[in-house]
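Summary of the model geometry
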Amino acid sequence: AIKGGGDDPTHMKGEEARIDLRRQTRPAETRRHFNEIQRRIEAAIEADPVLKALKAQLRFDITREGLRIMMLDTDARPMFEVGSDKIAPYMERLLRTMAPLLNEIPNEITISGHTDSLPYAGGEQGYSNWELSADRANASRKALLDGGFNSEQLLLVMGAADRIPLDGTAADDPRNRRI
């Protein structure tokens, strides 16, 4: 570096901002609010005998983006009919139960659909895991709306196919089929 004034080119302010953003966590009050919503969702599920059986298929995380709620598939209790966006009755009941509670989340909501890696016979050219994951996310959106979810809070509905598997799972693991 040649001295001559101005910012030191070996130290980038953008790097500082990116590092600071990574270190940043949610304010304690916001985390408490998310924890309370999670607790209320879990209580609603616990109070319903049909939904209680789905408890093991739910995962909650508080991330930098907000509260992430994952609904995972299992071979014994799939959320959708095989190869279809038709929601199983218990999954629809779960989404409708959660809808009013999701209205209390202070940020916008994203719904993403995921599949396992089992391909369709037609391959990527026809109806594939891309369409299936997007269709399932959209079917979930409709069930939430039927349950009273405020559509103004919805930011994005997307399908990710099999591109983002859960950590520690095989690509064809049924838990990768999730919303």
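In what follows, the accompanying structure is described.

Cut-offs and rules
- Residues numbered from 1 in each chain as written.
- Predicted model: local features only at pLDDT ≥ 70, side-chain atom pairs only at ≥ 80, totals over all residues.
- Heavy atoms only, no water.
- Helix = DSSP H or I, 4+ residues; strand = E, 2+ residues; numbered from the N terminus.
- Buried < 20%, exposed > 50% of the residue type's maximum accessible area, 1.4 Å probe, protein only.
- Areas by Shrake-Rupley, 256 points an atom, 1.4 Å probe, with all protein chains shown as cover.
- Phe/Tyr/Trp six-rings, centres within 6.5 Å; stacked < 30°, edge-to-face > 60°.
- Lys NZ or Arg CZ within 6 Å of the ring centre and 35° of its normal.
- Axes fitted to C-alpha atoms, helices over the stretch in contact; angles between N-to-C directions.
- Parallel < 35°, antiparallel > 145°, perpendicular 65-115°, else oblique.
- Left-handed = near helix turned anticlockwise from the far one by under 90°.
- Contact = heavy atoms within 4.5 Å.
- Nonpolar A, V, L, I, M, F, W, Y, C, P; charged D, E, K, R; others polar.

Each helix and strand counted, the chain has five helices and four strands in total. Tracing the chain from N to C terminus, the helices and strands come up as α-α-α-β-β-α-β-α-β. Here the chain holds 179 residues, and the buried ones make up 35% of them. Looking at the chain as shown, the accessible area adds up to about 10,800 Å², and 51% of this sits on carbon and sulfur atoms.

On to the environment of alanine 99, then. Relative to the assigned elements, alanine 99 resides in helix α4 (residues 89-102). Each C-alpha atom of the pair alanine 99 and alanine 143 lies 8.5 Å from the other, and the pair is 44 residues apart in sequence.

Our focus in this paragraph is the packing of aromatic side chains. Two numbers describe a pair of aromatic rings. These are the distance of the centres and the angle of the planes. Taken as a whole, this structure holds one aromatic pair when the rule is applied. Look at tyrosine 120 and tyrosine 127: their rings are 5.6 Å apart centre to centre, the planes differ by 85°, and that puts the pair in the edge-to-face class. By relative accessible area, tyrosine 120 is classed as partly exposed at 25%. Across from the ring centre of tyrosine 90, 4.3 Å away, lies the NZ or CZ of arginine 77, which sits over that ring.

This part is about the packing of α4 against helix α5 (residues 129-146). Where α4 contacts α5, the axes come no closer than 7 Å and their chain directions differ by 60°. Taken as axis vectors, α4 and α5 run oblique relative to one another. Crossing of α4 over α5 shows right-handed handedness. Residue-level contacts link Met91, Glu92, Leu95, Arg96, Ala99 and Leu102 of α4 to Ser140, Ala143, Leu144 and Asp146 of α5. Here the residues of the contact of α4 with α5 sort into six nonpolar, one polar and three charged.

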